[in-house]
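Okay, here's what each chain looks like letter by letter:
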Amino acid sequence: MNPEHSPVNPTSQAGLRGPGIFLAQFMSAEAPFDTLANIAQWAASQGYKAIQLPTLGTQYIDLARAAESQEYCDELKAVCAKAGVEISELSTHLQGQLVAVHPAFDALFDDFAPAHLRGQPQARTEWAIEQLKLAARASQRLGLKAHATFSGALLWPYIYPWPQRPSGLVEQGFAELAKRWLPILDCFEEAGVDLCYEIHPGEDLHDGASFERFLEAVDHHPRAAILYDPSHLLLQQMDYLGFIDRYHARIRMFHVKDAEFRPDARSGVYGGYQGWVERPGRFRSLGDGQIDFKSIFSKLTQYDFSGWAVLEWECCLKDSAQGAAEGAAFIERHMISKTQKAFDDFASVQSDEGFNRRLLGLPEA
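Criteria and thresholds
- Residues numbered from 1 in each chain as written.
- Predicted model: local features only at pLDDT ≥ 70, side-chain atom pairs only at ≥ 80, totals over all residues.
- Heavy atoms only, no water.
- Helix = DSSP H or I, 4+ residues; strand = E, 2+ residues; numbered from the N terminus.
- Rg over C-alpha atoms; globule rule 2.2 N^0.38 Å.
- Buried < 20%, exposed > 50% of the residue type's maximum accessible area, 1.4 Å probe, protein only.
- Areas by Shrake-Rupley, 256 points an atom, 1.4 Å probe, with all protein chains shown as cover.
- Lys, Arg positive; Asp, Glu negative; His and termini not counted.
- Charge placed at Lys NZ, Arg CZ, Asp CG, Glu CD.
- Pairing = 2+ DSSP bridges.
- Axes fitted to C-alpha atoms, helices over the stretch in contact; angles between N-to-C directions.
- Salt bridge = Lys/Arg side-chain N within 4 Å of Asp/Glu carboxyl O.
- Disulfide = S-S within 2.5 Å.
- 1 Å grid on protein atoms, 1.4 Å probe; cavity = no way out; pocket = protein on both sides within 12 Å on 5 of 7 lines; lining within 4 Å.
- Points joined across faces, edges and corners; volume = space filled by probe spheres on them.
- Nonpolar A, V, L, I, M, F, W, Y, C, P; charged D, E, K, R; others polar.
- Patch = residues over 30% accessible without salt bridge, like charges linked within 9 Å, V, L, I, M, F, W, Y side chains within 5 Å.
- Parallel < 35°, antiparallel > 145°, perpendicular 65-115°, else oblique.
- Contact = heavy atoms within 4.5 Å.

Participant: Break down the overall build of the protein for me, citing the residues and quoting the values.
Facilitator: Of the regular secondary structure elements, the protein holds 13 helices and ten strands. In terms of overall size, the protein behaves like a compact globule, its C-alpha atoms giving a radius of gyration of 22 Å where 365 residues would be expected to give roughly 21 Å. Principal axes of the C-alpha set define a box for the protein whose edges measure 80 × 55 × 50 Å. Taking all 365 residues of the protein together, 49% fall into the buried category. When the accessible area of the protein is evaluated, it comes to approximately 17,300 Å², of which 52% is carbon and sulfur surface. If the 33 positive side-chain charges of the protein are averaged to one point and the 48 negative ones to another, these points end up 2 Å apart.

Next up, the structure:
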């Protein structure tokens, strides 16, 4: 399979846009993070042009209402426009997690579901699937072209092949994952929105190989796309720049998040059950880690990525307020306006087929 040639319906040709900010880590009952109007004004004051909205609960957006009411969606857009920002995408990361949960994680993930569904895995899954379908219609009404989510995980407890995995276990796991996601992907196809899975440890779609398995299982669905976050690839010691070369046709969203990996004699990729500060692999605020963002922005520009560069703040050391304040300027410095002409156009010469044949020493046609 050659994922870079996989057909994904194109989004707007506006090119790379930014800076945007993902609001999940900033939600609070305290102002200015308590309402959509307040947090939109705060984001604009920090230099952001767009906000990516989490949809669990109704603090910033009522997903069910947005799926059914164009008037309500127009009101949401007007609130953001008044503040000086727009909505870049919606997020159902937590609902997507609940589409597929291994029983080992039932208790840990139950809090993501409404209280009346806790302890009922099947009902919880059905609710999560319906949430994703609502998100497709809400995104369409808001005029959005991409949506962020997690794949969930049925196979994560078996990530390391010891004890030996039974023959067919992985194939059956991806078949079940595809069975749950295909109706959702079809709903996103009807809405004209790309469904972007964040490639993330803890999800069955955690690297390129697992994403390719999923693509095969959903018959290369045109709406199955990638939310590219290099921090998760660095912590797995992957080639996060080569990832863009291989999968750029499926990359439809971009989280700008930094990380560092400093292995030592005590622990490495697995982290030794240590907290975030002690782990060799740590998330950091923009510019404090090891990610080569100049090369990332260059590659995305090279491949005509058309979407938002969205800060996701997660740092084990720096405060979120400082990370957000520094993030907008960091993204701005890395934005590239793609050139519309070659640097050596001034030296170009007029030519036609006859002239080219003479240059090659070929007889006239």
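Participant: So, the sheet that holds strand 2 (residues 50-54): which residues are in play, and what are the values?
Facilitator: Hydrogen bonds between backbone atoms are what pair the strands of a sheet, whose relative direction is either parallel or antiparallel. Within the closed barrel, the eight strands sit side by side as 1-2-3-4-5-6-7-10. Their pairing is parallel. Within this sheet the neighbouring strands show an average axis-to-axis angle of 30°, counted without direction.

Participant: Run through the pattern of salt bridges, naming residues and quoting values.
Facilitator: On inspection of all chains with the given rule, the structure shows 24 salt bridges. When the shortest N-O distance is used, the salt bridge between Asp74 and Lys77 registers 4.0 Å. Note that Asp74 and Lys77 are positioned in helix 3 (residues 70-83) at a spacing of three residues, about one turn of the helix. Look at Asp74 and you get partly exposed, because its relative accessible area is 37%. A relative accessible area of 36% places Lys77 in the partly exposed class.

Participant: Describe the state of the cysteines, naming the residues involved and giving the relevant values.
Facilitator: By definition, a disulfide is the covalent link that joins the sulfur atoms of two cysteine residues. Using the criterion set out here, one finds zero disulfides in the structure. We note that Cys196 lacks a disulfide partner, and the nearest cysteine sulfur, in Cys187, lies 15 Å from it. Judged by its relative accessible area of 0%, Cys196 is buried. Considering cysteine sulfurs only, Cys316 is the nearest to Cys315, which forms no disulfide, with 5.3 Å between them.

Participant: So, empty space enclosed by the protein: which residues are in play, and what are the values?
Facilitator: Applying the stated criterion across every chain, the model contains one cavity of 30 Å³ or more. Taken as a whole, the largest cavity encloses approximately 30 Å³ of empty space. Lining the largest cavity are Val256, Lys257, Asp258, Arg284, Ser285, Leu286, Leu311, Glu312, Trp313 and Glu314. For the lining of the largest cavity, the per-class residue count stands at four nonpolar, one polar and five charged.

Participant: Lay out a nonpolar patch on the surface in plain terms, naming residues and giving numbers.
Facilitator: There is a patch of nonpolar side chains on the surface, built from Ile159, Tyr160, Trp162, Val269 and Tyr270 and spanning about 640 Å² of accessible area. On the accessibility criterion, Trp162 (65% relative accessible area) is exposed.

Participant: Please give an account of the packing of helix 10 (residues 240-247) against helix 11 (residues 293-302) that cites residues and values.
Facilitator: Where helix 10 contacts helix 11, the axes come no closer than 10 Å and their chain directions differ by 5°. One element, helix 10, and the other, helix 11, form an angle in the roughly parallel class. Together, Tyr240, Leu241, Ile244 and Asp245 of helix 10 and Ser295, Ile296, Lys299 and Leu300 of helix 11 make up the contact between the two elements. Of the residues assigned to the contact of helix 10 with helix 11, the class counts are five nonpolar, one polar and two charged.

Participant: I'd like to hear about the pairing of strand 9 (residues 281-284), residue by residue, with values.
Facilitator: Here strand 9 shows two buried faces, one formed by Gly281 and Phe283 and the other by Arg282 and Arg284. With four bridges connecting them, strand 8 (residues 258-261) and strand 9 associate as antiparallel partners. Looking across to strand 9, one finds that Phe261 is bridged to Gly281.

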